[in-house]
Amino acid sequence: MKIRLWWKVLVMGMGMMLLPGCGTVAGISQTGIVLALAVDPGPAGQYTWSFMFPNPTITPSSESSIKPSEEFYVLQAKAPSLMQAVEDVSALTDRYVYLGDVQFVAVNAEFSASDVVHLIHLLINTGEFPPRAWVTMASPSAKAVLKTSPPEEVVPTVFLSNYFSCQVCHPVQLETRVWQVWDDLLVPSHTAVIPWSVVHGRTLRISRSVWLTPYQVIKCNHSQTIDWAMAMGKYVKGALMLPSGKENGFAESLRLSSSRQLTRVHRQVMAKWNLTLNGHWEAVGRSVREQRLNQEAERLVLHHILQLYQWAQKHHADPFGVINQEVWTSQATSSQIPPLEVTVHCRITPTARTG
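Keep in mind the model is a prediction, meaning the values are calculated, not measured.

Thresholds, definitions, all that
Residues numbered from 1 in each chain as written. Predicted model: local features only at pLDDT ≥ 70, side-chain atom pairs only at ≥ 80, totals over all residues. Heavy atoms only, no water. Core = buried A, V, L, I, M, F, W, Y, C linked by side-chain atoms within 4.5 Å. Buried < 20%, exposed > 50% of the residue type's maximum accessible area, 1.4 Å probe, protein only. Helix = DSSP H or I, 4+ residues; strand = E, 2+ residues; numbered from the N terminus. 1 Å grid on protein atoms, 1.4 Å probe; cavity = no way out; pocket = protein on both sides within 12 Å on 5 of 7 lines; lining within 4 Å. Points joined across faces, edges and corners; volume = space filled by probe spheres on them. Nonpolar A, V, L, I, M, F, W, Y, C, P; charged D, E, K, R; others polar. Contact = heavy atoms within 4.5 Å. Disulfide = S-S within 2.5 Å. Polar contact = N/O pair within 3.5 Å; in protein donor to acceptor, adjacent residues only side chain to side chain. Pairing = 2+ DSSP bridges. Salt bridge = Lys/Arg side-chain N within 4 Å of Asp/Glu carboxyl O. Axes fitted to C-alpha atoms, helices over the stretch in contact; angles between N-to-C directions. Parallel < 35°, antiparallel > 145°, perpendicular 65-115°, else oblique. Left-handed = near helix turned anticlockwise from the far one by under 90°.

### A word on the nonpolar core
Membership of the largest hydrophobic core comes to 42 residues, with the highest contact counts inside it found for L37, W49, F51, L82, F129 and V178. Here this core gets eight residues from one element, more than from any other, and that element is helix α3 (residues 113-124). Of all hydrophobic cores here, the second largest spans 36 residues; its members include M230, W281, L300 and I305.

### Quick notes on empty space enclosed by the protein
Within this structure, the stated rule accounts for two cavities of 30 Å³ or more. Contributing to the lining of the largest cavity are Y163, F164, C166, Q167, H170, V172, Q173, L174 and E175. A class-by-class count of the residues in the lining of the largest cavity yields five nonpolar, three polar and one charged. If you add up the space inside the second largest cavity, you get close to 40 Å³. Around the second largest cavity, the lining is made up of 11 residues, and of these L146, T148, S149, V158 and F159 lie nearest the centre. Only α4 (142-147) and α5 (159-165) provide two or more residues apiece to the lining of the second largest cavity. Taken together, the residues of the lining of the second largest cavity sort by class into eight nonpolar, three polar and no charged.

### Re the environment of Q103
Note that Q103 resides in the loop between β5 (96-98) and β6 (104-108). Exposure remark for Q103: the relative accessible area of 15% places this residue in the buried category. Separated by 57 residues in the primary sequence, Q103 and L160 place their C-alpha atoms 8.3 Å from one another.

### Observations regarding the environment of A231
Checked against the element boundaries, A231 lands in helix α7 (residues 222-231). In sequence terms A231 and L306 are 75 residues apart; their C-alpha atoms lie 9.7 Å from each other. Other than its neighbours up to four places away in sequence, A231 contacts S258, R260, W273, L275, I305 and F320.

### A few points about the state of the cysteines
In the structure shown here, the tally under the stated rule is one disulfide. With its sulfur 1.7 Å from that of its partner, C166 forms a disulfide with C169. Taking the torsion about the sulfur-sulfur bond, which here is approximately 75°, the covalent link between C166 and C169 counts as right-handed.

### Remarks on α7
Burial within α7 is extensive, with eight of its 10 residues counted as buried. Among all positions in α7, only Q224, T225, I226, D227, W228, A229, M230 and A231 are buried. One side-chain oxygen of the residue at the start of α7 lies 3.2 Å from the amide nitrogen of S223, identifying that residue as N221. Looking one or two places after α7, you find G233, whose phi comes out positive at around 70°.

### Focus: unusual backbone geometry
That bond from S139 to P140 is cis: its omega, 0°, falls within 30 degrees of zero. Along the chain, the position of P140 falls in the loop between β7 (134-139) and α4. Even without a glycine there, the phi angle at H316 is positive, about 55°. Relative to the assigned elements, H316 resides in the loop between α8 (287-314) and α9 (322-330).

### Some thoughts on the pairing of strand β13 (residues 268-281)
One ladder, built from 13 bridges, connects strand β12 (residues 250-265) with β13; its direction is antiparallel. For T263, the partnering residue across the bridge sits in β13 and is M270. Connecting the antiparallel pair β12 and β13 is a turn made up of two residues, with H266 showing a positive phi of about 55°.

### Topic: the pattern of salt bridges
Inspection of the entire model under this criterion finds two salt bridges. Two residues, K219 and E110, come together in a salt bridge whose shortest N-O distance is 3.1 Å. Here E110 lies in the loop between β6 and α3 and K219 lies in strand β10 (residues 217-220), a separation of 109 residues in the sequence.

### Remarks on the pairing of β6
Counting buried positions along β6 gives five out of five residues, so the element sits mostly inside the fold. Of the two faces of β6, the one lined by F104, A106 and N108 and the one lined by V105 and V107 are each fully buried. Note: strand β2 (residues 36-41) against β6, four bridges, orientation parallel. The residue bridging L37 from the neighbouring strand is V105, located in β6. Summarising the sheet, β6 and β7 pair through five bridges and their orientation is parallel. Bridge pairing in β7 places V107 opposite M137.

### Describing the environment of H200
Following the sequence through the fold, H200 ends up in strand β8 (residues 192-200). We classify H200 as partly exposed; its relative accessible area is 35%.

### A few points about the packing of α3 against helix α6 (residues 178-185)
Taken N-terminus to C-terminus, the directions of α3 and α6 make an angle of 120°; their axes are 10 Å apart at the nearest point. Judged by the angle between their axes, α3 and α6 are oblique. The element α3 and its partner α6 pack so that their crossing is left-handed. Residues V117, I120, H121, L123 and I124 of α3 touch α6, and the partners they reach there are V178, W179, V181, W182 and L185. Its residues assigned to classes, the contact of α3 with α6 shows nine nonpolar, one polar and no charged.

Nothing here speaks to function; it is all geometry.
Structure representation (structure tokens):
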């Protein structure tokens with residue numbers, strides 16, 4: 001009931017904002033508030049835009065009888081720009097289409113880099129659109145991600161908005177806003193990191209990421225996404241499984257801190273990262289075995305981080321911000337930045353669980 005009250009207050013607030021001083025008036029009953037937006041490929045020169053609205057027929061008395069799939073509805077338009085799509089969707093409804101409360105945007109993961117860059121600029125340059133909205137790449141389509149909502153969601157909440165807003169709910173922190181991607185794209189040497197949402201049946205999985213540069217879209221698997229989060233200090237309350245071998249162990253409740261800096265060694269730039277992991281080994285007995293597990297975990301994390309960095313170098317991407325750090329420390333332009341070498345120090349000090 002509190003959610004319903006909040007929703008009424010929101011609608012009233014939006015309605016007040018839409019009341020001009022003179023001329024036509026878009027009343028509350030004539031306003032369609034877009035909660036989420038999806039963009040998929042369309043005909044040549046166009047995109048397929050999907051707008052998700054809350055169902056205006058829902059009332060407190062009908063709340064218990066409304067299915068989750070009926071709490072929202074989606075209208076679609078094919079257009080070269082967001083404003084043209086809004087105009088076309090407006091012709092399908094008797095409501096003023098309001099973009100100021102968009103909570104997240106889903107972009108089809110099959111778009112080329114140039115298309116994604118163009119779409120980000122279209123969003124930023126659309127007056128009513130809020131740059132603070134979360135953004136995610138989407139598969140198998142952006143519309144499918146838009147329409148997939150777990151049963152616990154209740155209007156006006158949107159699953160992906162809640163997901164990205166909660167920084168303590170998930171071990172890998174991938175949340176990214178539209179303005180952050182736009183800001184990264186302003187500098188050619190920057191690489192934007194965007195979460196990748198995939199529909200599996202009736203659920204969404206957000207366990208992968210996409211690296212975006214002005215020239216390429218680089219898709220990361222689950223392991224690479226976790227390794228990036230570890231390197232950037234964005235892996236919280238996670239887990240680590242050692243592969244079967246001399247030491248077989250499982251660490252849980254990992255807490256990670258990351259320190260990254262640049263140094264010069266014989267006129268050569270070197271990135272030095274220090275990663276510290278603390279947590280609990282499951283069912284660890286003797287302290288000697290705990291020490292061996294720590295050493296094995298250190299080697300494993302070190303190998304993964306270095307491997308990921310080399311993979312980024314191969315794709316001429318910098319999702320770690322090393323090049324930007326070099327520009328600020330040496331006042332060099334991006335075209336003059338020398339090749340980088342990376343050294344990762346992992347000091348893993350897990351604490352064995354007692355009692």
